[in-house]
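Letter by letter, the chains look like this.
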Amino acid sequence: MKDRPANSGLLVESQADEMDMSEAVIVKSSRLKSVVWNDFDRIKKGDTFVAVCRHCKKKLSGSSTSGTSHLRNHLIRCQRRSNHGISQFITSREKKKEATLAITNYVDPGQKKDDVLNLVNIRFDPEQVKEETNNTLSYNFDQRRSRFDLARMIILHGYPLAMVEHVGFRVFVKNLHPLFELVTCNRVETDCLEIYVKEKQKVNELLDKLPGKISLSADMWSATDHLESSYLCLTAHYIDESWQLNKKVLNFMFVDPSHTEDLHAETIMACLMDWDIDRKLFSMTFDCSSTSDYISLQIRDRLSQNRFLYCNGQLFDVSCAIDLLNLMAQDALEALCNILPKIRESIQHIKQSREGQAKFNEIAEQVKVQSQKVLSLDNPSMWNSTYVMLGAAIEYREAFSLLRENDLGYTACPTEEEWGRTCTITGYLKFLFEVTNVLTKANFPTANIFFPELCDLHLQLMEWSKNSDDYIKALAFKMRTKFEEYWDKSGLALAVSAMLDPRFKMKLVEYYYPQIYGVVALQRIDDVLNCVKALYNEHSICSPLASIDQGLAWQVGSSSGSLSGSGKDARDRLMGFDKFLHESSQSEGSKSDLDKYLEEPLFPRNVDFNVLNWWKVHTPRYPILSMMARNVLGIPMSKVASDSAFKTGRKVLDRDWSSLKPTTIEALVCSQDWIRSELES
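Per chain, residue numbering runs from 1 following the sequence as it is written. Confidence filtering applies because this is a predicted model: local features only for residues at pLDDT of at least 70, side-chain atom pairs given and counted only at 80 or more, and all residues used for totals across whole chains, interfaces and linings. Hydrogens are left out, water is left out, and the side-chain values use all remaining heavy atoms of the structure.

**Student:** Please explain the nonpolar core as it appears in this structure.
**Tutor:** Across soluble globular proteins, nonpolar side chains show a tendency to be buried alongside one another. Residues belong to a common nonpolar core when they are buried Ala, Val, Leu, Ile, Met, Phe, Trp, Tyr or Cys residues joined through side-chain atoms within 4.5 Å. Note on exposure labels: buried denotes an accessible area under 20% of the residue type's maximum, exposed denotes more than 50%, and partly exposed covers the range between, all computed with a 1.4 Å probe on protein chains only. Among the nonpolar cores identified, the biggest contains 108 residues, and Phe-451, Leu-457, Tyr-513, Trp-615 and Met-628 are the most heavily contacted of them. With 13 residues, helix 18 (residues 470-499) is the single largest residue contributor to this core. Here the bounds of each domain stem from an automatic or database domain assignment. Residue assignment places this core across two domains, with domain 3 (321-441) and domain 4 (443-544 + 610-637) each supplying three or more. Setting aside residues up to four positions removed in sequence, Leu-457 forms contacts with Leu-325, Met-328, Phe-431, Leu-432, Trp-464 and Phe-483. By the criteria applied, helices consist of DSSP H or I runs no shorter than four residues and strands consist of E runs no shorter than two, each listed in order from the N terminus. In what follows, residue pairs with any heavy atoms lying within 4.5 Å of each other are defined as contacts.

Here it is as structure tokens:
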């Protein structure tokens, strides 16, 4: 085809509009391969060919020498093309499927492969969308970019991959832009995996450049269609160079139920090494379970062999505080297992008819119930809703008792003893509810906020254990046993993080420990202070020499094919010399960051205090202690999001995604987290 002048499209359009179409005939030809002819009729009058838009009836040149670019441009602008009917699409979709293959020649075949891959990294830019909307006439359609935009949309919003083959979606896309080549489910899955690879590389680079350590949390998920199918989600938590608390999902792996705890530990270690963060790990947060305890112990021992952990791993193993609170709440509800059905049946009885509700309201007025709470049934999978149900029912207890005397059909009323126990246990739930709210809805959910809340809970459990009712006392003992197991593992990390809050320092530990430990409180306080000093000393000797030694130890361990290598050589012994220099300098009279920090007055307490912002401002004054604060305050004392704080059981994977291959599921879940965090930043 000969080159045409740049304004040829306008010329042929104006000439065609002026043409008299009487005695014109529609030409059918198998040579019309372009997809645009699905929206145009080619009409011949004499020796002239005209393309008539089937939607707005506009006439353009249909000559073979005019090409089809002007027809494509018209379809983009055509206001009436949206009238395509879904039935029309269904009847002709098979023919159009082959025709769409011709669109691929619209993309520049000379485009470099690297340029195509870079399309994966395109971010959604609202300003760009606005600009392109205002410049529709100069818009150049890019099939590959649109394809990756579609894949990113599916990842971001959790849409099913199969949506690309839904008739409604295909109609929408073709009416929106006829040049877009519709993709298959397999194609969009491949695109999602390609996005995952690119996004993973970005996260890898980010983790490598972090100024501090990384803490990890492990969470178990279930698939919807196979409840026995489990997935392990590993999430990195860290404080970045701007002193912002961040987290990134690193892995979402299928877990074979037949695997032992040792294999689970090996799997996690493999993930750490794949991300190259085994040397940067500070702590790990697991559920409160014996299985989790064993796995974390295995990982801690492996990392300690290569001296990757501070304080010999004393702060490494942390249990999730919200998981503990949920387990204790379940203990409380289990103690009410014979009473809860009666309360639910009581509420159902008065709610089953308007007459029943009206009669109950009259009785409530007779016994002078002042409550404004509404009686409603709970959602057993959310223990806070059960707490709310119980709280309302207790305030109407006298009305329920009188209803039993006046309504022979009502037989589910609890006894006075049962009401008494319900009141006591609901009080326990109230305390757990309030603590959970404080810990999950905090503006700055750093590790320091957990210590005072859990100390108060510790003291409450001690009081609850003194109840004269043996039934209640047994419940309190059961809850206290769980708490003390948690406290033995995580109490030291909680205390150290509280010390790094300038509003409290060691004073909060000195306030609570005598109430908790009594005569041995001073020893416990010294244990915390000694850990703080040891942790500070290890941070203070983090010199380039120490980094080289750790890197050499890693190489020795890796060369033997495991992490069990000793990593010893002559230079390792100089780490003790570094420690000697540091300690001798302290003894010569110069004050350390830690000494200055502990001696200075407490920072005034206020509601909106941001401990990370305080350390950001005071980093020049406490250069070593701020390194320690960055690592300790980044420990995830809870791994539960606020919207899942009261849920019982595991998190459940979306039904559409759960049927996919494990590798695809991991790519989708991880990429979704990374893209969302990028958009929020």
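**Student:** What should I look at first to understand the side chain of Thr-422 in this one?
**Tutor:** With respect to the helices and strands, the residue Thr-422 is situated in helix 16 (residues 416-440). You can call Thr-422 buried: its relative accessible area is 0%. Here Thr-422 is in contact with Leu-336, Ile-339, Ile-343, Leu-390 and Ile-394, once residues within four sequence places are set aside.

**Student:** So what exactly am I meant to see when it comes to the packing of aromatic side chains here?
**Tutor:** The geometry of an aromatic ring pair is captured by the separation of the ring centres together with the interplanar angle, meaning the angle of the planes. Classification of ring pairs rests on two measures: the distance between centres of Phe, Tyr or Trp rings, Trp counted by its six-membered ring, which must be within 6.5 Å, and the angle between planes, read as stacked under 30 degrees, edge-to-face over 60 and tilted in between. On inspection of all chains with the given rule, the structure shows 30 aromatic pairs. Geometrically, the ring pair formed by Tyr-196 and Trp-674 is stacked, given 5.6 Å between the ring centres and 10° between the ring planes. Of the two residues, Tyr-196 sits in helix 8 (residues 185-208) while Trp-674 sits in helix 27 (residues 662-680), which places them 478 residues apart along the sequence. Of the two residues, Tyr-196 and Trp-674, both sit in the buried class. Look at Tyr-513 and Tyr-517: their rings are 5.0 Å apart centre to centre, the planes differ by 80°, and that puts the pair in the edge-to-face class. Taken together, the residues Tyr-513 and Tyr-517, both in helix 19 (residues 507-517) and 4 residues apart, mark about one turn of the helix. Following the ring pairs from residue to residue traces out a cluster consisting of Phe-451, Phe-483, Tyr-486, Trp-487, Tyr-511, Tyr-512, Tyr-513 and Tyr-517. Sitting over a ring, as applied to charges here, requires NZ of Lys or CZ of Arg to be within 6 Å of the ring centre and within 35 degrees of the ring normal. In this structure, Arg-147 packs its charged tip against the face of Phe-148, placed 5.3 Å from the ring centre.

**Student:** Before we go on, may I ask you to explain the pattern of salt bridges in this structure?
**Tutor:** Between side chains of opposite charge, a pair can form when the charged atoms approach closely. Each salt bridge in this description consists of a side-chain nitrogen of Lys or Arg and a carboxyl oxygen of Asp or Glu lying within 4 Å of one another. Counted under the stated rule, the structure contains 32 salt bridges. The salt bridge partner of Arg-54 is Asp-41, with a shortest N-O separation of 3.0 Å. Placement of the pair is Arg-54 in the loop between strand 3 (48-53) and strand 4 (59-61) and Asp-41 in strand 2 (residues 40-45), with a sequence separation of 13 residues. The salt bridge partner of Lys-661 is Glu-189, with a shortest N-O separation of 3.7 Å. A residue pair is termed long-range when its members are at least 10 positions apart, and Lys-661 in the loop between helix 26 (655-658) and helix 27 and Glu-189 in helix 8 qualify at 472 residues. The buried category is assigned to Glu-189, whose relative accessible area is 11%.

**Student:** It is not clear to me how the environment of Lys-213 should be interpreted in this structure. Could you clarify?
**Tutor:** Residue placement: Lys-213 occurs in the loop between helix 8 and strand 5 (214-222). For Lys-213 and Met-628, which are 415 residues apart along the polypeptide, the C-alpha to C-alpha distance reads 9.4 Å.

**Student:** What should I look at first to understand the pairing of strand 6 (residues 230-239) in this one?
**Tutor:** The buried count for strand 6 comes to 10 of 10 residues, which makes it a mostly enclosed element. The alternating pattern of strand 6 places Ser-230, Leu-232, Leu-234, Ala-236 and Tyr-238 on one face and Tyr-231, Cys-233, Thr-235, His-237 and Ile-239 on the opposite face, and all of these are buried. Note that strand 5 and strand 6 share 8 bridges and pair antiparallel. For Trp-221, the partnering residue across the bridge sits in strand 6 and is Tyr-231. When DSSP finds two or more bridges between a pair of strands, those strands are recorded as paired.

**Student:** Would you mind showing me how to read the packing of helix 20 (residues 521-540) against helix 25 (residues 623-632) here?
**Tutor:** Two quantities define a packed helix pair, namely the angle between the axes and the distance from one axis to the other. Axis definition: a line fit to C-alpha positions, over the contact stretch in the case of helices; interaxial angles, taken between N-to-C directions, run 0 to 180 degrees. Relative orientation of the contacting elements helix 20 and helix 25 amounts to 110°, with a least axis distance of 9 Å. When the axes of helix 20 and helix 25 are compared, the pair comes out roughly perpendicular. Considering only the axes of helix 20 and helix 25, their crossing is right-handed. Residues Val-532, Leu-535, Tyr-536, His-539 and Ser-540 of helix 20 lie in contact with helix 25, whose contacting residues are Ile-624, Leu-625, Met-627, Met-628, Asn-631 and Val-632. Tallied by class, residues from the contact of helix 20 with helix 25 come to 8 nonpolar, 3 polar and no charged. With respect to orientation, any angle under 35 degrees is reported as roughly parallel, any angle over 145 as roughly antiparallel, any angle of 65 to 115 as roughly perpendicular, and every other angle as oblique. By convention, the crossing between two helices is left-handed when the near helix turns anticlockwise from the far helix through less than a right angle, and right-handed when the turn is clockwise. Each residue receives one of three labels: charged for Asp, Glu, Lys and Arg, nonpolar for Ala, Val, Leu, Ile, Met, Phe, Trp, Tyr, Cys and Pro, and polar for the others, Gly being one of them.

**Student:** Please clarify how the packing of helix 16 against helix 18 should be interpreted in this entry.
**Tutor:** Here helix 16 crosses helix 18 at 20°, and the two axes come no closer than 10 Å. Classified by the angle between their axes, helix 16 and helix 18 sit roughly parallel to one another. The two elements helix 16 and helix 18 cross, and the hand of that crossing is right-handed. Between helix 16 and helix 18, the contacting residues are Arg-421, Thr-424, Ile-425, Tyr-428 and Leu-432 on the first element and Tyr-471, Ile-472, Leu-475 and Met-479 on the second. In terms of residue class, the contact of helix 16 with helix 18 is built from 7 nonpolar, 1 polar and 1 charged.

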